[in-house]
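Read off the chains here:
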Amino acid sequence: MVIKVLAFAGSPRRHGNSETLLDWVLEEMEKQPGVEVEKHALADINIAPCKGCNACEKLNACIQKDDIVWVEPKIIEADIIILSSPIFCMGIAAQPKALIDRAQVFRSRKYVLKLPIVPPERKGKRIGIFLASAGQDWDYVFDAAIPSVKCLFNVIDVKNKDIRYLMVNNVDEKGAINDHPTAEADAVALADDVIATMREMKGERL
């Protein structure tokens, strides 16, 4: 039984702290049998901002034919969806925010057109992960990002109880996360726990 993992590196700067956190998770997941990992850097693909036109409420599709055309089916097919982002100005970065806003098509499908996002047999069997890094050493630095992330996962049929978070603050300079005392170990533990949970969801026994 295959577990499909779809990951989005959300920083406009490649291979920074949030993407390093993501890579640690993915590297551990790839060690597991039957796990397929696909990663995309949002800085390298074209997802324009939502126009707010609400055409998706009638068309069941976005009128903008950019990379969301091939990203959307991958989101539907994935068992585990991972989004990483740095925190800029107390919120999620622009690139992942564009992805979240363009998920409006899923909201229209689910709540306006009353159509399924995933087949009935896959409902309740998806996991979302949000990974984030922040330079500030404030305990509330991630608070503004979390509602946006929850919105994304909700409209693609990931329940709140099935969202996992790993957020590391006080890592400002590029590469600072490598010196964090627990970040890598926490990423590895998260990866192992999520894969084990997904196997249970799928009714898989090893």
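Look up: the structure comes first, before these words.
I will try to describe carefully the structure that is included in this document. Values in this document were obtained by computation on a predicted structure and should not be read as measured data.

**Overview of the nonpolar core**
In step 1: Formed by 36 residues in total, the largest nonpolar core has its most connected members in Phe8, Leu83, Leu99 and Phe106.
In step 2: For this core, the secondary structure elements donating two or more residues are β1 (3-9), α3 (68-77), β3 (80-88), α4 (94-102), α5 (104-112), β5 (127-133) and α6 (145-155).
In step 3: Counting residues per element, this core draws most heavily on α6, at five residues.
In step 4: If we ignore the near neighbours within four places in the chain, the residues touching Phe106 are Glu72, Ile75, Ile76, Ile117, Val155 and Ile156.
In step 5: Within the second largest apolar cluster, 29 residues are counted, among which are Trp24, Leu26, Met29 and Ala183.

**Details of the side chain of Asp157**
In step 1: Mapping Asp157 onto the fold places it in the loop between α6 and β6 (163-168).
In step 2: For Asp157, the contacting residues outside a window of four places in its chain are Lys110, Ile117, Val118, Lys123 and Arg126.

**Things to note about α5**
In step 1: Inspection of α5 places Val105, Phe106, Ser108 and Arg109 among the buried residues, and these make up the whole buried set. Axial view of α5: buried residues confined to an arc of 160 degrees, hence all on one face.
In step 2: Where α5 ends, the next residue or the one after it, Lys114, has phi of about 60 degrees, a positive value.

**Considerations on the pattern of salt bridges**
In step 1: According to the stated counting rule, one finds 16 salt bridges in the structure shown.
In step 2: Between Glu28 and Lys31 there is a salt bridge whose closest N-O contact spans 3.4 Å.
In step 3: Classification of Lys31 by relative accessible area gives exposed; the value is 62%.
In step 4: As a salt-bridge pair, Asp157 and Lys123 come within 3.2 Å of each other at their nearest N and O atoms. Of this pair, Asp157 sits in the loop between α6 and β6 while Lys123 sits in the loop between α5 and β5, placing them 34 residues apart in sequence.
In step 5: Lys123 sits in the partly exposed class, given a relative accessible area of 49%.

**Re the packing of aromatic side chains**
Between two aromatic rings, the relevant description is the distance of the centres plus the angle of the planes.
In step 1: Per the counting criterion, the structure on display carries one aromatic pair.
In step 2: When the centroid spacing of 5.7 Å and the interplanar angle of 15 degrees are considered together, the rings of Trp138 and Tyr140 count as stacked.
In step 3: In this structure Trp138 comes out as partly exposed when scored by relative accessible area, which is 39%.

**Here's the deal with the pairing of strand β2 (residues 35-41)**
In step 1: Where β1 lies against β2, seven bridges are found, and the strand directions are parallel. Paired with Ala7 across the bridge in β2 is Lys39.
In step 2: Once you follow β1 into helix α1 (residues 17-30) and on to β2, the crossover reads as right-handed.

**Comments concerning the side chain of Ser85**
In step 1: Relative to the helices and strands, Ser85 resides in strand β3.
In step 2: In terms of polar contacts, Ser85 uses its side chain to reach the backbone amide nitrogen of Ala93, at 3.2 Å.

**Some thoughts on the packing of α3 against α5**
In step 1: Put simply, α3 and α5 touch, their axes get as near as 11 Å, and they point 55 degrees apart. When the interaxial angle is binned, α3 and α5 end up oblique. Where α3 approaches α5, its residues Glu72, Ile75 and Ile76 are matched on the opposing element by Val105, Phe106 and Arg109.
In step 2: Looking at the contact of α3 with α5 residue by residue, the class counts come to four nonpolar, no polar and two charged.

Thresholds applied
Residues numbered from 1 in each chain as written. Predicted model: local features only at pLDDT ≥ 70, side-chain atom pairs only at ≥ 80, totals over all residues. Heavy atoms only, no water. Core = buried A, V, L, I, M, F, W, Y, C linked by side-chain atoms within 4.5 Å. Buried < 20%, exposed > 50% of the residue type's maximum accessible area, 1.4 Å probe, protein only. Helix = DSSP H or I, 4+ residues; strand = E, 2+ residues; numbered from the N terminus. Contact = heavy atoms within 4.5 Å. Arc of directions from axis to C-beta. Salt bridge = Lys/Arg side-chain N within 4 Å of Asp/Glu carboxyl O. Phe/Tyr/Trp six-rings, centres within 6.5 Å; stacked < 30°, edge-to-face > 60°. Pairing = 2+ DSSP bridges. Right-handed = clockwise from strand over helix to strand, strands pointing away. Polar contact = N/O pair within 3.5 Å; in protein donor to acceptor, adjacent residues only side chain to side chain. Axes fitted to C-alpha atoms, helices over the stretch in contact; angles between N-to-C directions. Parallel < 35°, antiparallel > 145°, perpendicular 65-115°, else oblique. Nonpolar A, V, L, I, M, F, W, Y, C, P; charged D, E, K, R; others polar.

Honestly, that's just the spatial picture; any functional story needs more than this.
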